[in-house]
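The chain contents come next:
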Amino acid sequence: MPIRVALTAVVLAAGIASASAAPKIGSAGHIKDDDALACPSTEIVFKFLSLGQDDPRMALRYAVSKGCSLIDKGSEVFVDDVSASGLACVRPKGKSACLWVNKLQVASD
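Residues numbered from 1 in each chain as written. Predicted model: local features only at pLDDT ≥ 70, side-chain atom pairs only at ≥ 80, totals over all residues. Heavy atoms only, no water.

Draft legend 1. Spotlight on the packing of aromatic side chains. Using the criterion set out here, one finds zero aromatic pairs in the structure. Taking NZ or CZ as reference, Lys47 lies 5.8 Å from the ring centre of Tyr62, over its face. (Phe/Tyr/Trp six-rings, centres within 6.5 Å; stacked < 30°, edge-to-face > 60°. Lys NZ or Arg CZ within 6 Å of the ring centre and 35° of its normal.)

And the structure:
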């Protein structure tokens, strides 16, 4: 599991630094390529990334304690918001709350 957390942190960091197009607010999409770490706020995502650089296990414990979870690859989502920092707030099908993920992990349908 720690390797998966480290890889997720690398993918998140790469996506946040990327200049690729963001998913459009109000659009339907799905999680592509791999499961997506999904957190209730952007602050939690950035704290996770910061902790993950030095201690992936601590980062995982922090993320779980703050309500983060994984959205499975292929899951249908609705884009509620997009931040300038490379994150998208998506609402998985059947859920009422949006969660922040790396925008590069969201493909438009």
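Draft legend 2. Main features of the pattern of salt bridges. Counted according to the given criterion, the structure contains two salt bridges. Close ionic contact of Glu76 with Lys93 constitutes a salt bridge, the shortest N to O distance being 3.6 Å. Taken together, the residues Glu76 in strand 4 (residues 76–82) and Lys93 in the loop between strand 5 (87–92) and strand 6 (99–102) connect sequence positions 17 residues apart. By relative accessible area, which is 46% here, Glu76 ends up partly exposed. Among the salt bridges present, the one from Asp80 reaches Arg91, with a minimum N-O distance of 3.0 Å. A residue pair is termed long-range when its members are at least 10 positions apart, and Asp80 in strand 4 and Arg91 in strand 5 qualify at eleven residues. (Salt bridge = Lys/Arg side-chain N within 4 Å of Asp/Glu carboxyl O. Helix = DSSP H or I, 4+ residues; strand = E, 2+ residues; numbered from the N terminus. Buried < 20%, exposed > 50% of the residue type's maximum accessible area, 1.4 Å probe, protein only.)

Draft legend 3. The pairing of strand 6, seen in detail. By the bridge criterion, four bridges tie strand 5 to strand 6 in an arrangement that is antiparallel. Of the residues in strand 6, the one forming a bridge with Ala88 is Val101. As consecutive antiparallel partners, strand 5 and strand 6 are separated by six residues, and within that stretch Gly94 has a phi angle of approximately 85°, a positive value. (Pairing = 2+ DSSP bridges.)

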